[in-house]
Structure formats: structure tokens, C-alpha cells
Amino acid sequence: MKFKKVIGQIHLFLGSTSGLVVLILGITGSLYAYIDEISELVYADKIKIESRTDTDSDLLSQNMLTAQKALGSDTLIQRITIQNDPEKSIVFRSFKLDNEASGIWYWDQIKFNIWLYMNPYTSDILKIEDQTFEFFNIVFWMHWSLLLKDGVGQPIVGSATLIFIFMLITGLILWWPKNKKASKMSTWFRWKETTKWRRKNYDLHNIVGFYSMFLVVFIALTGLMWAFTWFDSGVQWISNGGKTIKKEKLEVLSNPTSLASLHPLDAAYHYLRRTHPEAKVFYLNIPKDSTGTIGSFVDYADNRKDIFLQFDQYNGELLHAGGGWEEKSNGEKVRAYNYDIHTGAIGGLVGKTIAFFLSLFSASLPVTGFIIWYDREKKKRRLKRIGGTGEAKKIEEDYREGVSGSTSGRAIPNPKPKISRRSVKESSENNGSVLTSNSTKI
């Protein structure tokens, strides 16, 4: 068996085992690339507000009391998301998991996931909604774990992604042209008005695949960082020069005996606004117990400026600031950029657009590949039915070598005409003709 034939069989097997998952990941990935831009357009009624200067928007504690009253005592607020934009609403989030719940779907483990949108200037509640089945949340979970629990879906997604990477490598081997003439056909579209759709489909699968392969592999590798702990640890180990760097977790506690005139939540928020005026988003985590702290992640457009701060829940004083860029190991720095690389956000709108098209193309590969396989098998079955076994083998070779998507331009032979006894007899009597060697025996 020829080398390329073996590679072709491997390529087909890999595609059949991972194709459906790759299709789903590609479509959901392309949708998620523009989540920020699309959300602001679709959800403008709960995100966009009118900026005001005649009232104070910094009284976060009062807004939280209003939000908590609306949600009820059984749905405690755990996180506050504040866009550092005077024309954006703030979001109070309440989330609870049931880790012992049965079922395999991601929503089986969620007791509630409530988001409350509020106008910080007026304390008006813009919307309260359960995010469990919100469109982009479904898109995220479908991309993350196929809507399954992490323990079930993540290994499937990770394995399919790993198979997809090997499939791209085998695809490159199959694409590799035999000679200079074949390379011209394999590196650019040479379509004419008479070019059939089969050829166009074949070229879309191969030529676009060649030019985008390395970027697609790179994006797929960043996805593996979340899917497999061993892969994440391996990347960080390599980035750290073959070293495993372990950091001790610093325990920071609030002091119940310390009090302040200003509400601690307001004090913490004022500090964030004053010391990080250029930040993009402030995330504040509400303490879970009497010794917990008000944790705040300050998110910048530039990941190198991100920082985590902890405040005393009783007086709002800063207890600890860490997690800055200078404190991170090389592996942690790579990890910090992983999301932005995966979504293309690292390159701004241009980067997101590139990621969008790469995701769409990845989703198209199983489709165009299936069409190529199905069309080839259909022709092979037809030729075998009429006795053209040699022609069927040639079709398979042509597809594998990339000569054509339409049997190299050769016409498929028609079956030999059936001649009845009656027609032969009448023809012989009337015209005196005899059967030729091409006639069917009777």
C-alpha cells in the first residue's frame, strides 16, 4: 500500500471521529469572537445608560442593598461587575452550583445563575434574568464542553481538538504536490466559468486549508490549554525553561474589630477608581464568611496591567495587591494571554476578524471533506455496478493526488447496451447485419 494511501485512510478515520465536534467548535468559536460587540448591540436596553453628573454613581453599597432586596435573601449576591464607562450599567451576579446533582448536562449542576442589571445613577433595575440559557452562555458552554458537565464534555472537546491537529498534519501530507505543475493547481484557485462545484469544493478544502493551517493549529493548541491540565502544565514548564514554579498561596483575612465611617464596599470601590482610572472592568467579589476579604480583579485592555487586590470587609482598607505582571513567571504570562490569543482579541478588531474566519473555515473542513468522500464513494459504487473496477480505483487515486474533483475530466463509461433477441432477429432479417464484437452476448 502506498504511503499517501495509508495517510489518506488515517486522514479519513481522524475526520470521521472528530468531524462533528470540530464543526460545533468552529461555529460556536466564530460566534463568540464578537461577543462584546454583538452584546452591546443586541442587549443595549440593559447595558447602555445615560451618563449623569447631577448624581453620585459611586455609592455602590446602596445600589447593592437595592439589588439584594430585589433578588431576595435566598439569592445572595456574590460578584459585582462594573464597566469603567459612565454609559454602562453595573451587574450584580448570584450563582450557585450543586456539585452532587445527577445528570450529564451543564445545567443539571446549576441551581441558579441570576444577573441583575442596574443604572448606578438612579438605582433603577433594568433587568433581572437567569443566564443559564442565555444565548451567548449556551454558545460558550457548547464550545467549552458541548453543553455537558466539565468532567464529561471537556475530555471530549480536548480529544477532538487533538485529533483535529493530527488531521491537519495528515491533510498537509496529502496536499503536498508531486511536481511543479501540480503545485500550481494546489496553491491557488484556477476557476473558470465552466469549473464544476466539485472542483470548487475540493479547492476550498485543500487550498484554503493549506494557507490557514498553521494559524488554525495555533488556535487549537491554545484551546488545549483549558482542556487538559497536563498540556497546560507542559506549556508553562517549557515557558519556564524546564522548571515547575510553585507559589505559596497568601492567606489574607479581614479584621472584625476594625470599623470605618465609609461603607467598606464604597471605600474599596473609591480606591479602585482613584488608583486605576484607565482600567476596563472592575470585578468585586463579596466575602463568603466573617474573615473573608473583598476581592477585586482589575481588568485592563492590556493584560500586563491586570492586578488583583484584597480589601478588609469591615473598613475597606487595602490588605494586599498582587498578581501583577512583574510577579508572574513566564508560564503564567503565557497563560494570561491564552484567552486573548484564542479569541483573536489580542489583535483588536482585526484579530477577532481573523479568528472569526479561521473558526468558520475549521467548521467547513468536515463538511467539504465529507462531500469529497461521499462524491468519490458514490462514483466508485456506480462504476462497480457497471463493471468499471479499474476506473473506480483511478477515481480514488485522482482524489487522493488532488488531480481533480470530477474524475480528471474523463467521462464515466455508460453500461453496455442490452440487445434483446427480438431486436437482433429483426435487425438481421431486415438489414442483413450481424452482431459485432461490442454487442452483448445472447
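Residues numbered from 1 in each chain as written. Predicted model: local features only at pLDDT ≥ 70, side-chain atom pairs only at ≥ 80, totals over all residues. Heavy atoms only, no water.

Q: Give a description of the overall build of the protein that names residues and reports values.
A: For the protein, the count of helices and strands is 14 helices and eight strands. Residues counted as buried form 43% of the 442 residues belonging to the protein. Of the roughly 25,700 Å² of accessible surface on the protein, 58% is carried by carbon and sulfur atoms. (Helix = DSSP H or I, 4+ residues; strand = E, 2+ residues; numbered from the N terminus. Buried < 20%, exposed > 50% of the residue type's maximum accessible area, 1.4 Å probe, protein only. Areas by Shrake-Rupley, 256 points an atom, 1.4 Å probe, with all protein chains shown as cover.)

Q: Now, about a positive patch on the surface: what can you tell me, with residues and values included?
A: Together, Lys378, Arg381, Arg382 and Arg385 make up a region of like positive charge exposed at the surface. Relative to the elements of secondary structure, Arg382 occurs in helix α12 (residues 348-385). Residue classification places Arg382 among the partly exposed positions, given a relative accessible area of 39%. (Patch = residues over 30% accessible without salt bridge, like charges linked within 9 Å, V, L, I, M, F, W, Y side chains within 5 Å. Salt bridge = Lys/Arg side-chain N within 4 Å of Asp/Glu carboxyl O. Lys, Arg positive; Asp, Glu negative; His and termini not counted. Charge placed at Lys NZ, Arg CZ, Asp CG, Glu CD.)

Q: Tell me about the nonpolar core, residues and numbers included.
A: Counting 27 residues, the largest nonpolar core has Leu60, Ile80, Phe92 and Leu284 as its most contacted members. When residues of this core are traced back to their parent elements, those giving at least two are α4 (60-71), β1 (79-83), β2 (90-97), β3 (110-119), α10 (264-275), β5 (281-285), β6 (293-299) and β7 (307-312). Apart from the residues within four sequence positions on either side, Ile80 is in contact with Leu60, Met64, Val91, Phe92, Leu265, Phe282, Tyr283, Leu284 and Ile286. Formed by 22 residues, the second largest nonpolar core is a distinct cluster that contains Met167, Leu168, Leu224 and Phe228. (Core = buried A, V, L, I, M, F, W, Y, C linked by side-chain atoms within 4.5 Å. Contact = heavy atoms within 4.5 Å.)

Q: Quick one: what's the story with the packing of aromatic side chains, residue by residue and with numbers?
A: Scanning all chains against the criterion turns up 24 aromatic pairs. Aromatic rings pair up to connect Tyr32, Trp105, Tyr106, Trp107, Phe133, Phe140, Trp141, Trp144, Trp226 and Tyr339 into one cluster. Between the NZ or CZ atom of Lys46 and the centre of the ring of Tyr43, over which it lies, the distance is 4.0 Å. (Phe/Tyr/Trp six-rings, centres within 6.5 Å; stacked < 30°, edge-to-face > 60°. Lys NZ or Arg CZ within 6 Å of the ring centre and 35° of its normal.)

Q: Talk me through the pattern of salt bridges; I want residue IDs and the actual numbers.
A: For the structure on display, the rule yields 14 salt bridges. One salt bridge in this structure joins Glu87 and Lys48, with 3.8 Å as the shortest N-O distance. With Glu87 in the loop between β1 and β2 and Lys48 in the loop between α3 (44-47) and α4, the pair connects residues that are 39 residues apart, well separated along the chain. For Glu87, a relative accessible area of 36% gives the class partly exposed. With relative accessibility at 38%, the residue Lys48 sits in the partly exposed group. For Arg198, the salt bridge identified is with Asp375, shortest N-O distance 2.8 Å. Of this pair, Arg198 sits in helix α8 (residues 197-227) while Asp375 sits in helix α12, and the two are 177 residues apart along the sequence. It is possible to trace a salt-bridge network through shared partners that takes in Asp36, Glu37 and Lys352.

Q: Any details on the environment of Leu318? Residues and values, ideally.
A: Summarising the element assignment, Leu318 is placed in strand β8 (residues 318-322). Residue classification places Leu318 among the partly exposed residues on the basis of a relative accessible area of 34%.

Q: Outline the pairing of β2, supporting the account with residue identities and numerical values.
A: Both β1 and β2 contribute to a ladder of four bridges, which runs antiparallel. Bridge pairing links Ile82 to Ile90 in β2. Two successive antiparallel strands, β1 and β2, enclose a turn made up of six residues. By the bridge criterion, eight bridges tie β2 to β3 in an arrangement that is antiparallel. Its bridge partner lying in β3, Leu97 is registered against Ile110. (Pairing = 2+ DSSP bridges.)

Q: Summarise the packing of α8 against α12; cite the residues concerned and give the values.
A: Contact geometry of α8 with α12 gives a least axis separation of 8 Å together with a crossing angle of 140 degrees. Relative to α12, α8 is oriented oblique. The two elements α8 and α12 meet at a crossing, and its hand is left-handed. Here the residues of the contact of α8 with α12 are counted per class, giving 13 nonpolar, eight polar and three charged. (Axes fitted to C-alpha atoms, helices over the stretch in contact; angles between N-to-C directions. Parallel < 35°, antiparallel > 145°, perpendicular 65-115°, else oblique. Left-handed = near helix turned anticlockwise from the far one by under 90°. Nonpolar A, V, L, I, M, F, W, Y, C, P; charged D, E, K, R; others polar.)

Q: Lay out the side chain of Asn338 with the relevant residues and their values.
A: Looking at the element boundaries, Asn338 is found in helix α11 (residues 330-343). By relative accessible area, Asn338 is classed as buried at 4%. One polar contact links the side chain of Asn338 to the main-chain carbonyl oxygen of Thr222, over a distance of 3.0 Å. Setting aside residues up to four positions removed in sequence, Asn338 forms contacts with Thr222, Met225 and Trp226. (Polar contact = N/O pair within 3.5 Å; in protein donor to acceptor, adjacent residues only side chain to side chain.)

Q: Could you give an account of the sheet that holds strand β4 (residues 124-130), naming the residues involved and the relevant values?
A: Within the open sheet, the eight strands sit side by side as β4-β3-β2-β1-β5-β6-β7-β8. Their pairing is antiparallel. Edge positions in the sheet fall to β4 and β8, since each of these pairs with one other strand and no more. Ignoring which end each strand starts from, the neighbouring axes of this sheet average 20 degrees apart. As paired elements, β7 and β8 share four bridges and run antiparallel to each other. Its bridge partner being in β8, Phe308 is matched across the sheet by Gly322.

Q: Describe helix α9 (residues 229-239), with residues and values.
A: Those residues of α9 that fall on the buried side of the exposure criterion are Phe231, Asp232, Val235 and Gln236. Looking down the long axis of α9, one finds its buried residues gathered within 130 degrees of arc, a one-sided arrangement. Facing away from the buried side of α9 by more than 90 degrees, the exposed set consists of Thr229, Trp230 and Ile238. Packed against the buried residues of α9 are α8 and α11. Positioned one or two residues after α9, Gly241 has a phi angle of 75 degrees, which is positive. (Arc of directions from axis to C-beta.)

Q: Please give an account of the pairing of β6 that cites residues and values.
A: The element β6 is extensively covered by neighbouring structure, given that six of its seven residues are classed as buried. As defined by bridge partners, β5 adjoins β6 across five bridges and the pair is classed as antiparallel. Residue pairing in the sheet places Phe282 in a bridge with Val298 of β6. Looking at chain direction, β6 and β7 are connected through six bridges and run antiparallel. When the bridges of β7 are listed, Phe297 appears paired with Phe308.

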